[in-house]
Amino acid sequence: MALADHKLMEEVGFRMSEATAGDFFALLKPRVMSLVVFTAFVGMVAAPVAINPLLAVIAILAIAIGAGASGALNMWYDADIDAVMTRTASRPVPAGRVTPGEALSFGLVLSALSVMTLGVLINWLSAALLAFTIFFYAVIYTMWLKRWTPQNIVIGGAAGAIPAVTGSVSLESLILFLIIFLWTPPHFWALALFKSDDYARAGIPMMPNVAGHASTRRQIFAYALILAPVGVLPWLLGYTTAAYGAVSVLLGLGFVWYAWKVLGMSDADRAMKPAKALFGFSLLYLFAIFAAYLVDSVVGRALVMGGA
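Predicted, not measured: the structure shown is a model, and the values here were computed from it. (Residues numbered from 1 in each chain as written. Predicted model: local features only at pLDDT ≥ 70, side-chain atom pairs only at ≥ 80, totals over all residues. Heavy atoms only, no water.)

**Quick look at the environment of threonine 133**
Point 1. Here threonine 133 lies in helix α7 (residues 124–148).
Point 2. In sequence terms threonine 133 and glycine 66 are 67 residues apart; their C-alpha atoms lie 8.6 Å from each other. (Helix = DSSP H or I, 4+ residues; strand = E, 2+ residues; numbered from the N terminus.)

**Digging into the packing of aromatic side chains**
Point 1. Applying the stated criterion to the full structure yields 15 aromatic pairs.
Point 2. Look at phenylalanine 132 and phenylalanine 136: their rings are 5.7 Å apart centre to centre, the planes differ by 55°, and that puts the pair in the tilted class. Of this pair, phenylalanine 132 and phenylalanine 136 are both found in helix α7, 4 residues apart, which corresponds to roughly one turn of the helix.
Point 3. Judged by relative accessible area, phenylalanine 132 falls into the partly exposed class, the value being 42%.
Point 4. The exposure class of phenylalanine 136 is buried, given its relative accessible area of 12%.
Point 5. Seen in terms of ring centroids, phenylalanine 255 and phenylalanine 281 are 6.3 Å apart; in terms of plane orientation they differ by 65°. Their pairing is edge-to-face. Separated by 26 residues along the polypeptide, phenylalanine 255 in helix α13 (residues 242–263) and phenylalanine 281 in helix α14 (residues 273–307) bring together distant segments of the chain. Assigned by exposure class, phenylalanine 255 and phenylalanine 281 land together as buried.
Point 6. An aromatic cluster is present here, built from Phe255, Trp257, Tyr258, Phe281 and Tyr285 joined pairwise through their rings.
Point 7. Taking the ring centre of phenylalanine 194 as reference, the NZ or CZ of lysine 276 above it sits at 5.8 Å. (Phe/Tyr/Trp six-rings, centres within 6.5 Å; stacked < 30°, edge-to-face > 60°. Buried < 20%, exposed > 50% of the residue type's maximum accessible area, 1.4 Å probe, protein only. Lys NZ or Arg CZ within 6 Å of the ring centre and 35° of its normal.)

**Description of the side chain of threonine 133**
Point 1. By relative accessible area, which is 14% here, threonine 133 ends up buried.
Point 2. Separated by 2.7 Å, the side chain of threonine 133 and the backbone oxygen of leucine 129 make a polar contact. (Polar contact = N/O pair within 3.5 Å; in protein donor to acceptor, adjacent residues only side chain to side chain.)

**Observations regarding the pattern of salt bridges**
Point 1. Considering all chains together, one arrives at 7 salt bridges under this definition.
Point 2. Across the pair arginine 201 and aspartate 198 runs a salt bridge whose closest N-O atoms are separated by 2.3 Å. Pair noted here: arginine 201 and aspartate 198 are both in helix α10 (residues 196–202), with a separation of 3 residues, about one helical turn.
Point 3. You can call arginine 201 partly exposed: its relative accessible area is 47%.
Point 4. In this structure, a network of salt bridges that share partners links the residues Asp78, Asp80, Lys146 and Arg147. (Salt bridge = Lys/Arg side-chain N within 4 Å of Asp/Glu carboxyl O.)

**A word on unusual backbone geometry**
Point 1. Even without a glycine there, the phi angle at lysine 29 is positive, about 50°.
Point 2. Within the secondary structure, lysine 29 is located in the loop between α2 (21–27) and α3 (30–46).
Point 3. A relative accessible area of 14% places lysine 29 in the buried class.
Point 4. Phi at methionine 272 is positive, roughly 50°, even though this residue is not glycine.
Point 5. Along the chain, the position of methionine 272 falls in the loop between α13 and α14.

**Some points on the nonpolar core**
One recurring pattern in soluble globular proteins is that nonpolar side chains are buried together.
Point 1. If you look at the biggest cluster of nonpolar residues, it comprises 53 residues, and the most contacted ones within it are Ile179, Trp189, Phe255, Tyr285 and Phe290.
Point 2. Within the residue set of this core, elements represented by two or more residues are α3, α7, α8 (152–156), α9 (171–194), α10, α12 (213–236), α13 and α14.
Point 3. In this structure, isoleucine 179 is in contact with Leu227, Val230, Gly231, Tyr244, Leu286, Ile289 and Phe290, ignoring residues within four places of it in sequence.
Point 4. The next biggest cluster of nonpolar side chains, apart from the first, holds 22 residues, and it includes Leu28, Val37, Met44 and Leu118. (Core = buried A, V, L, I, M, F, W, Y, C linked by side-chain atoms within 4.5 Å. Contact = heavy atoms within 4.5 Å.)

**Describing α7**
Residues spaced three or four apart along an α-helix face the same direction, because each turn holds 3.6 residues.
Point 1. By the largest-angle criterion, tyrosine 141 marks the main kink of α7, which is about 50°.
Point 2. A side-chain oxygen of the first residue of α7 lies 3.3 Å from the backbone nitrogen of leucine 125; this N-cap is asparagine 123. (Bend = angle between axes of the 7 residues up to and from the residue.)

**Focus: the environment of threonine 241**
Point 1. Assignment of secondary structure puts threonine 241 in the loop between α12 and α13.
Point 2. On a C-alpha basis, the gap between threonine 241 and tyrosine 293 in space is 9.3 Å, while along the polypeptide they are 52 residues apart.
Point 3. Not counting residues within four places of it along the chain, the set of residues in contact with threonine 241 comprises Trp235 and Asp296.
Point 4. At a separation of 2.3 Å, a polar atom in the side chain of threonine 241 contacts the side chain of aspartate 296.

**Section: the environment of glycine 119**
Point 1. With respect to the helices and strands, glycine 119 occurs in helix α6 (residues 100–121).
Point 2. Sequence separation between glycine 119 and alanine 59 is 60 residues; the distance between their C-alpha atoms is 9.5 Å.
Point 3. Those residues in contact with glycine 119, other than ones at most four positions away along the chain, are Trp124 and Ala127.

In structure tokens, the structure reads:
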């Protein structure tokens, strides 16, 4: 495009987007999206109802797009606070590579596309759950809870835990929901402990900045004590084999041990290595416990089919 044409469009208020495909991909929060997709995939495989492989791929793709849409809407609304936090200042919107309008339009289009695809091709209960999840994360959590209450992560954790594939809500799916729901607060509060200055600068009422570090450490440990046995419930209730039970027990004990180390941290500890270690282990915990659930379900079904 000629330089004169470019200047003319700027004068009339029209701006050509300078964003790259990578910038729009970053809006999807790919790390968060991959975790949502993986847990949804495990829930789908473990579900008692069979699903056509092609439809399964479509469902996972729709959920991935919906999760990404939530991330884009979150980045659109949070651009002001992202700009003052070192952890988020380089995101596409606060860095100026994507305009707020572009991020908003991108998120809304992907939201509609994902929900309609899931509803038309899979089932409308799944579509409704996905739509509610997007709304909960983008509106209830991002626009309200995050800036209003230190319990933002506790309540907002529901957004990442809602089952959205099987077309039914069973006790098994509710247990998987509960694992993610209970995992979310200690995971993010561990991050908030060593990033409390960032959150304070942005005016976000995270637990360490409101209740203090000592109270946050106690709450992290309390959640760990509850999460550990809940992670074992699928085995105790007969949904999985003893192999999953052993893995979930070890992972739960590991989570409690790391949380115990955080509980013993001094208020004067600026390095906060125990909090960083718990944050890292919590990521491993969620991936490993769902991976164990997935393998157990696949192997269990293979054995049943082989013995039929």
